[in-house]
Amino acid sequence: MSAYRIQPPAPPFARKAVAASTPTAPGFEPVRAVSRRDFLKAGSVLVVGVSLFGCSPGEPPAGTAAESAPSGPWTPDVYVTVEADGLVRIISHRCEMGQGVKTSLPSVVADEMEADWSRVLVEQATGDKKYGDQSTGGSLSIISFYQRMREAGASVRAMLEQAAAQQWGVPVADCRAANHRVVHGPSGRSADFAELVAAASVLAVPPVDRLRLKTPDEFRYIGKELQSVDLPDIVRGEAKYGADIVLPGMKYAAIARPPVVLGKVRSFNADKAMAVPGVEQVVELPAVEPPVMFKALGGVAVIADNSWAALKARDLLEIEWDEGPNADYESEAFRQQLLETVRQPGEAVRDEGDFDAAAAAAAQVLEAEYYAPHLNHMMMEPPAAVASVTEDSCEIWAPTQDPQSLIPMAAAVTGLPEDRIRVNMTLCGGAFGRKGKGDYADEAVHLSKAVGAPVKVQWSREDEVRHGYYHTVSAQHLAAALDEEGRVTGWRHRLAYPTIFSIFDPAANSPQTLELGLGALTLPYAVDSIRLEKGAAPAKVRIGWLRSVAIFQSFGINVFTDEIAHARGMDPLDNLLDLLGPDRTIDLASFGMENKENHPFQTGRLRGVIELAAEKAGWGRSVPAGHGLGIAAQYSFDTYAASVVEVAVADDGSWHVPRVVMTVDCGQVVNLDRAVAQQEGAAVMGLGFARYGRITARDGRIEQGNFNNARVVRHGEHPQAEVHFVQNHLPPSGIGEPGVPPFAPALINAIFAATGKRLRELPIGNRIG
Amino acid sequence: MITLKVNGETREYGGDGDMPLLWFLRDLLGLTGTKYSCGKGLCGACTVHMNGAAVRSCVITMAAAADAEVTTIEGLSPTGEHPLQIAWAEHDVPQCGYCQPGQIMQAASLLASNPNPSAEQIADAMNGVICRCGTYQRIGKAIASVAGGDA
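All values derive from a computational prediction rather than experimental measurement. (Residues numbered from 1 in each chain as written. Chains lettered and ligands numbered in written order. Predicted model: local features only at pLDDT ≥ 70, side-chain atom pairs only at ≥ 80, totals over all residues.)

Caption draft 1: Spotlight on the overall build of chain A. For chain A, the helix and strand inventory stands at 17 helices and 29 strands. Relative to a compact globule of 769 residues, whose C-alpha radius of gyration would be 27 Å, chain A shows 27 Å and is just as compact. Projecting the C-alpha coordinates of chain A onto the three principal axes gives extents of approximately 80 × 75 × 45 Å. For chain A, the residues scored as buried account for 58% of the 769 residues in total. (Helix = DSSP H or I, 4+ residues; strand = E, 2+ residues; numbered from the N terminus. Rg over C-alpha atoms; globule rule 2.2 N^0.38 Å. Buried ≥ 20, exposed ≤ 12 C-beta atoms within 10 Å, placed from the backbone.)

Now the structure itself:
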């Protein structure tokens, strides 16, 4: 892709990543006792960002001196082990779901310690508090652990340099690590890390305030392009995902879950299911009680000796359901309810100036309503998990974004103490937030306990479409006051949607700060009167976070901004920059959010990505007939992102996106290739939500079932994405999610530019009518 | 008894003839490189070659696979260095990777029948294999690079 690319040792597969997700040997390896020896020993403070989704703080540093291990592996840090032969093992403790974290965070350690990447093996952690927060969501991995990984690497480097200095009897200041060796400058003498392990292992770990971190010009891997460590396994079909785990004696389970959330089994007849060859037994699961959290939904499970028998027999179960309180959920009626809600005043959660006075004095008040339905994750790997419960232990293998959350859940089911529960993290075959909610692992634990053998639970695609966690459904009403000169003097945004927090607290029935903070509360416009109001909306299905979270807020705000531009007779880019106003720092605390020292919200950086996108896309150029350009931008997850979409609309209303320019300012980029890939993927997902994304309910049941009616973008429909990162060395922030929200509004604005048609509901389908 | 060849080895199966080939490969042979995703032939994650053609193994019954020669991702190349596998590495195609065995098997089938496909022909041939991570742009480039072009 560029001259900066770091190629792996040739040929492409010379370095094989350790398949650390390989399951523990057959049966069950006893749960490893965690000793102090395993804990972090560096004198560094674990940097843990504020989690969006409830994470635990990391273990504080323990001890000050490394254990002596003259002939064996040396573990100077919870994340780092150096073998006697110099091989460096780096733990990846976060969840790899395609975003590249299993490569990026370890590469930061390797960079700071001057390790040769070809002599690094990355190993996947189990779920364990000793690693700090492992709940992988909210685009937080880099924000939370970049500094910690640098300190880990710098600490090991310092010890290796000191070991060399001692061996040679020279000042440590003259010794510098470089590419897996320590070199004595004056003499040119050098030693491989392997030759220094024994001496380094008896040294005290330096305190973090004495560490010398590299300057950006010294970076070996950070900001460059590294191939994903799992790539060789992936292209050979050897990578292990949740459903790929096989244990001796393992049974296969498929479950008939209540068709309506909080429904219960009234009675069932399993005669036909039991007649299917390979079926061994049928187990009723306990009904879920609110709050639903990440708990198994209940239902009836078929246990068989292969997946097919279980899935086939499951469909033959005859079950009478008590449908419970959500059987009245009907999407069209709910849409009307939400729209009615946002036509009325709501609870003000941000109120500056006096919108009503601005509107009363306005020459024009512009109003518009927007609606976006439920979405679901549609990751390619449906949920699957294996559990092996014995009398005194429980081991889980699961594609999970939140392994630590499974431990108390399994403890509750099994009655075992938490230190007898082990959670192995497989690769996730896509996750997008879904696999932060381990109901499928909870099911496996229930069933393994019930049948006394290891059990794999396999969800079908229909299971996931009908029993998933859904991105919320929303209505928004926006109003702007324009004065005689066309200045925007007031902005009012009313919105209503069921909240994510309803899965934790059934009484939560309106948007919360976490969700509102992704675009709505954080509206950075320099308008005198700004009012944000939220309305009540009950949750009738499980509401869950999905990549980017509350994505529709960007849709409503950016499309309405474009509508304002046309009402003012202004170019949409000029209007956007005018509303953004002079560069300044937004006080997030004034909205009940947190001002982060390293990540202040600076509107100048948002302006930067907007201007860069406009420049790269050739904003203002003449386009072919039927084409249009649209722009949108959003600050979310501490990252600034903008998109310029070019749409081509044919005479029959069919449309496609020949090109999208995406710009991102996330501070220091860690792995440029993976960061670019995340934006390319964000464009495809954003396009999919805009074209197809819609999950609906009738009688409390989800109406869609598979890729035929819960459609996603296919090859040939994808846009050509052109991605540009703002180059700077500011503290890094997340790149997994921020690219998605600008896409749909930029597309809608482009369609308006091409056709003069203003679309205010998603999805828009294949044809513009 | 159903007999078939998988990656060159003769295999026998005596169970339910309605079982899709996918589950025979995964659960009975342990060839887990072939992925389950939709079960209805809608997404292509389970794509294998049967008698040289790309098929969706989730909708091919074992009865229909009798006497067939089946190749899975594990059998695509003895060294795991099929030109497409190398191209996938050079273009860093995968994100989560779950669909990629199916993508590669579909692409290999395309190139076997049309060694120099146009971008449109690539899109047509690959349309049935979904990637939710959105790696299509790189898939297209990787296939084109093997085909000799540079899309």
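Caption draft 2: The arrangement of the overall build of chain B in detail. Helix and strand counts for chain B come out as 5 helices and 5 strands. The order of α-helices and β-strands along chain B, N terminus first, is β-β-α-β-β-β-α-α-α-α. Radius of gyration (C-alpha) of chain B: 15 Å, near the 15 Å computed for a compact globule of 151 residues. C-alpha extents for chain B along the principal axes are approximately 50 × 25 × 25 Å. Here chain B holds 151 residues, and 56% of them are scored as buried.

Caption draft 3: How the structure looks around helix H7 (residues 331-342) of chain A. All names here are of chain A. Here H7 is 12 residues long and its end C-alpha atoms lie 16 Å apart, about the 16 Å a rise of 1.5 Å per residue gives. Inspection of H7 places Phe-334, Leu-338, Thr-341 and Val-342 among the buried residues, and these make up the whole buried set. Buried residues in H7, looked at end-on, bunch into an arc of 90°, giving them a common side. Projecting away from the buried face of H7 at angles above 90 degrees are the exposed residues Glu-332, Ala-333 and Glu-340. In this structure, the buried residues of H7 make contact with strand E14 (364-372), strand E19 (474-482), strand E20 (488-496) and strand E21 (529-535). (Expected span 1.5 Å × (residues − 1). Arc of directions from axis to C-beta. Contact = placed C-beta atoms within 7 Å.)

Caption draft 4: Broad picture of the interface of chain A and chain B. Contacts between chain A and chain B engage 51 residues on the former and 51 residues on the latter. Listing elements by their share of the side of chain A that touches chain B, those giving two or more residues are helix H4 (231-235), helix H6 (307-314) and helix H16 (672-691) of chain A. If you tally residues by element for the side of chain A that touches chain B, the top one is H16(A), at 7 residues.

Caption draft 5: Structural context of the sheet that holds strand E7 (residues 190-192) of chain A. Residues and elements named next belong to chain A. One open sheet accounts for 3 strands, arranged E5-E6-E7; its pairing is antiparallel. Each edge of the sheet is formed by a strand with only one pairing partner; in this case those strands are strand E5 (175-178) and E7. Taking the axes of each pair of neighbouring strands and ignoring which way they run, one obtains an average angle of 20° across the sheet. Bridge count between E5 and strand E6 (residues 181-184): 4 bridges; the pairing is antiparallel. Counterpart to Ala-178 in the pairing with E6 is Arg-181. The strands touched by helix H2 (residues 141-168) within the sheet are E5, E6 and E7, with E5 carrying the most contacts at an inclination of about 130°. Where helix H3 (residues 193-200) meets the sheet, its contacts fall on E6 and E7, and the angle it forms with E7 comes to roughly 85°. (Pairing = 2+ DSSP bridges. Axes fitted to C-alpha atoms, helices over the stretch in contact; angles between N-to-C directions.)

Caption draft 6: Geometry of the sheet that holds E21(A). Residues and elements named next belong to chain A. Strand order in the open sheet made by the 5 strands is E13-E21-E20-E19-E14, with mixed pairing throughout. Here the strands that pair on one side only, and so sit at the sheet edges, are strand E13 (347-352) and E14. In this sheet, neighbouring strand axes are inclined to one another by 10° on average, regardless of whether the strands run parallel or antiparallel. Examined bridge by bridge, E19 and E20 share 8 bridges and lie antiparallel to one another. Bridging from a neighbouring strand, Ala-475 pairs with Ala-496 of E20. Strands in contact with helix H13 (residues 551-568) are E14, E19 and E20; relative to E14, the strand with the most contacts, it is inclined by about 150°.

Caption draft 7: Expanded view of the packing of H13(A) against helix H17 (residues 743-755) of chain A. All names here are of chain A. Direction vectors running N to C along H13 and H17 enclose 30°, while the axes themselves pass 8 Å from each other. The angle between the axes of H13 and H17 places the two elements in the roughly parallel class. Between H13 and H17 lies a crossing of right-handed hand. For the pair H13 and H17, contact is made by Ser-554, Phe-555, Asn-558, Val-559 and Asp-562 and by Ala-744, Pro-745, Ile-748, Asn-749 and Phe-752, respectively. Here the contact of H13 with H17 is composed, by residue class, of 6 nonpolar, 3 polar and 1 charged. (Parallel < 35°, antiparallel > 145°, perpendicular 65-115°, else oblique. Left-handed = near helix turned anticlockwise from the far one by under 90°. Nonpolar A, V, L, I, M, F, W, Y, C, P; charged D, E, K, R; others polar.)

Caption draft 8: Quick look at the nonpolar core. Residues and elements named next belong to chain A. Ranked by internal contacts, the top residues of the largest apolar core, which has 283 residues, are Ala-253, Val-302, Ala-385, Ile-396, Ala-444, Phe-743 and Leu-747. Of all the elements, H2 adds the most residues to this core, at 13 residues. Setting aside its immediate chain neighbours within four residues, Val-302 contacts Ala-253, Ala-254, Ala-273, Val-279, Val-282, Ala-310, Ala-313, Arg-314 and Leu-317. (Core = buried A, V, L, I, M, F, W, Y, C linked by C-beta atoms within 7 Å.)

Caption draft 9: Region of the structure containing the confidence of the model for chain A. Taken residue by residue, chain A gives an average pLDDT of 92. The fraction at 70 or more is 91%. Contacts of residues 1-69 of chain A to residues separated by more than four positions or lying in other chains number 160 contacts, the stretch itself having pLDDT below 50. (pLDDT = per-residue confidence, 0-100.)

Caption draft 10: Seen up close, helix H9 (residues 403-414) of chain A. Residue and element names in this part refer to chain A. Here H9 spans 17 Å end to end across 12 residues, near enough to the 16 Å set by a 1.5 Å rise per residue. For H9, a buried count of 9 out of 12 residues is recorded, marking the element as mostly surrounded by other parts of the structure. Among the residues of H9, those classed as buried are Pro-403, Gln-404, Ser-405, Leu-406, Ile-407, Met-409, Ala-410, Val-413 and Thr-414. Buried positions along H9 lie against strand E15 (384-389), strand E16 (394-398), strand E17 (421-425) and helix H10 (439-451). Phi turns positive one or two residues past the end of H9, at Gly-415, with a value near 75°.

Caption draft 11: The arrangement of the pairing of strand E3 (residues 47-50) of chain B in detail. Residue and element names in this part refer to chain B. Examined bridge by bridge, E3 and strand E4 (residues 53-56) share 4 bridges and lie antiparallel to one another. Counted as the bridge partner of His-49 is Ala-54 from E4. Following E3, the chain reverses through 2 residues before pairing antiparallel with E4; Asn-51 in that reversal takes a positive phi of roughly 50°. Strand direction decides the pairing type here: E3 and strand E5 (residues 69-71), joined by 2 bridges, are antiparallel. In the sheet register, Met-50 faces E5, and the bridge partner there is Val-70.

Caption draft 12: Seen up close, the pairing of E19(A). Residues and elements named next belong to chain A. Of all the 9 residues making up E19, 8 are buried; the element is thus mostly covered by neighbouring parts of the structure. Both E14 and E19 contribute to a ladder of 9 bridges, which runs antiparallel. Within E19, the position partnered with Ala-372 by the bridge is Ser-474. Between the end of E19 and the start of E20, which pair antiparallel, lie 5 residues, with Gly-486 showing a positive phi angle near 85°.

Caption draft 13: Structural detail: the environment of Gly140(B). When you line up the elements, Gly140(B) lands in helix H5 (residues 136-147). Sequence separation between Gly140(B) and Leu76(B) is 64 residues, and the spatial gap between their C-alpha atoms is 19 Å.

Caption draft 14: Here's a closer look at the packing of H13(A) against helix H14 (residues 572-580) of chain A. All names here are of chain A. One way to put it is that H13 packs onto H14 with a least axis distance of 9 Å and a crossing angle of 110°. The orientation of H13 relative to H14 falls into the category roughly perpendicular. For the pair H13 and H14, contact is made by Thr-561, Asp-562, Ile-564, Ala-565 and Arg-568 and by Pro-572, Asn-575, Leu-576 and Leu-579, respectively.

Caption draft 15: Here's a closer look at unusual backbone geometry. In this structure, Pro291(A) follows Pro290(A) across a cis peptide bond, with omega equal to 0°. Tracing the sequence through the fold places Pro291(A) in the loop between strand E10 (279-285) and strand E11 (299-304). Between Leu762(A) and the following residue, Pro763(A), the backbone shows a cis peptide bond with an omega angle of -5°. Positive phi outside glycine occurs at Asn51(B), with the angle close to 50°. With respect to the secondary-structure elements, Asn51(B) resides in the loop between E3 and E4. Despite not being glycine, Asp67(B) has its phi angle at roughly 65°, a positive value. Using a count of 9 C-beta atoms within 10 Å as the deciding quantity, one classes Asp67(B) as exposed.

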